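What follows is each chain in one-letter form.
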Amino acid sequence: MKKNQGYFLVTGAAGFIGSALVKKLLSNGKKVVGIDNLNSYYSLDLKRDRLKQIQNEKLSKSSEWNFIEKDIADNDIKEIFKKYDFQVVINLAAQAGVRYSITNPMAYVKSNLEGFVNILEACRESEISNFIYASSSSVYGDNDLFPYSEKNIVDHPISLYAATKKSNELLAHSYSHLYNIPATGLRFFTVYGPWGRPDMAPMIFAKAILAGEKIKVFNNGNNIRDFTFIDDVVDSIIKCSEKPAEINKNFNSYDPDPSSSFAPHRIFNIGNGSPIQLMKFIQTLEKSLNKKAELEFFPRQKGDVIKTGADTSLLEEWVSHKPFTSLEKGLKLFADWYQISNAIKYSY
């Protein structure tokens, strides 16, 4: 029986980045299959509401949307690949959260390692043209080379979450080499925006500010983050989906470039490139919500990196694209959504 042809697969489709990506792909007339296990790490209502938003999208004549509730760690994941002829596979499914990984390590082993290999195995047995997967800026650890470049060595992660993401890059490279699968790893830098995750700073801080509660500010407010707006992230993924990874014909094994390879495998930072102190982020959010925050300062938390900042020159060179949304614009869009949608109901 002939398979359904020309589909995009997006795993983690009910997640923050996944749902935003699916909406954009559908608006571009693509046929999309989404997978998500709808776990309870954070609000199921938020995940279901994201899926409703996708369902409510006005599809073009060429677009198609299919959702399957499924864990990528399930052994029968290959059955979905047998049904659909996937052109591009975008793996965004993962157990997220640096701090949660310290107390719940096995959740990361199951999803980020076992599940990831399941997807790679399914790709190996299918003839996909492009595999894209989510890595993270956390792989840089406490790297003193700043801003972070994909050409930096990242062999010293300081959290289990970061270690699993580095492992994803190594596994993807191996499959790329052994089975000629074009694979692109995207290191996301602190993604924020409407429909974001309630375990991340924007949602936690907005809830506290509007409720008149104290915000817990770790590392005494000295952390630096490269906040990247969701629309910029989605556009970057789509640009990379249109240009599969290629072999670096100038790869030098005596002086290896970690961002490329003798295999069709590439690594790119997805960040705004304008890192700021956490205190400035809070002040900008205060303006967007038109209310002052009450702050309570704490020491650095275990597993947290002190600063992140993306060098995006390789991404710009590869797909002629750079994330550009300013923090002021992005937080205003986030704050408007948070208040209009009563997003406090999704609180972590």
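Predicted model only: the values in this text are computed from it and were never measured. (Residues numbered from 1 in each chain as written. Predicted model: local features only at pLDDT ≥ 70, side-chain atom pairs only at ≥ 80, totals over all residues. Heavy atoms only, no water.)

> Help me understand the sheet that holds strand 1 (residues 4–11) in this model?
Paired through their backbone hydrogen bonds, the strands of a sheet run either parallel or antiparallel. One open sheet holds the 7 strands; their spatial order is 3-2-1-4-5-6-11, and the pairing between them is parallel. Since the sheet does not close on itself, it has two edges, and those belong to strand 3 (64–69) and strand 11 (265–270), each with one partner. Between one strand axis and the next, the sheet turns by 25° as a mean value, whatever way the strands run. Pairing geometry for strand 1 and strand 4 (residues 84–91), over 7 bridges, is parallel. Considered in strand 4, the bridge of Tyr-7 is made with Phe-86. (Pairing = 2+ DSSP bridges. Helix = DSSP H or I, 4+ residues; strand = E, 2+ residues; numbered from the N terminus. Axes fitted to C-alpha atoms, helices over the stretch in contact; angles between N-to-C directions.)

> I tried to follow the layout of surface pockets on my own but got confused; where do I start?
It is the rolling of a water-molecule-sized probe over the atoms that shows where space remains empty. If you add up the space inside the second largest pocket, you get close to 360 Å³. Contributing to the lining of the second largest pocket are 19 residues, with Lys-166, His-173, Asp-257, Pro-258 and Ser-260 lying nearest its centre. Residues of the lining of the second largest pocket, tallied by class, amount to 8 nonpolar, 6 polar and 5 charged. (1 Å grid on protein atoms, 1.4 Å probe; cavity = no way out; pocket = protein on both sides within 12 Å on 5 of 7 lines; lining within 4 Å. Points joined across faces, edges and corners; volume = space filled by probe spheres on them. Nonpolar A, V, L, I, M, F, W, Y, C, P; charged D, E, K, R; others polar.)

> Explain the nonpolar core to me, please; I cannot follow it from the model alone.
General note: in soluble globular proteins, nonpolar side chains tend to be found buried as a group. By size, the foremost hydrophobic cluster in this structure holds 66 residues, and its most contacted members are Leu-21, Phe-188 and Phe-281. Among the elements that make up this core, the one with the highest residue count is helix 1 (residues 16–27) (7 residues). Other than its neighbours up to four places away in sequence, Phe-188 contacts Ile-17, Leu-92, Ala-134, Ser-135, Ser-136, Ser-137, Val-233, Ile-237 and Ile-270. The next biggest cluster of nonpolar side chains, apart from the first, holds 25 residues, and it includes Phe-86, Ile-128, Ala-172 and Ile-181. (Core = buried A, V, L, I, M, F, W, Y, C linked by side-chain atoms within 4.5 Å. Buried < 20%, exposed > 50% of the residue type's maximum accessible area, 1.4 Å probe, protein only. Contact = heavy atoms within 4.5 Å.)

> Honestly, empty space enclosed by the protein in this entry has me stumped. Any pointers?
Applying the stated criterion to the full structure yields 1 cavity of 30 Å³ or more. One number sums up the size of the largest cavity: a volume of about 40 Å³. The wall of the largest cavity is formed by Phe-16, Val-191, Tyr-192, Gly-193, Gly-196, Arg-197, Met-200, Pro-202, Met-203 and Phe-334. Every element with two or more residues in the lining of the largest cavity is listed here: strand 7 (191–192) and helix 7 (201–211).

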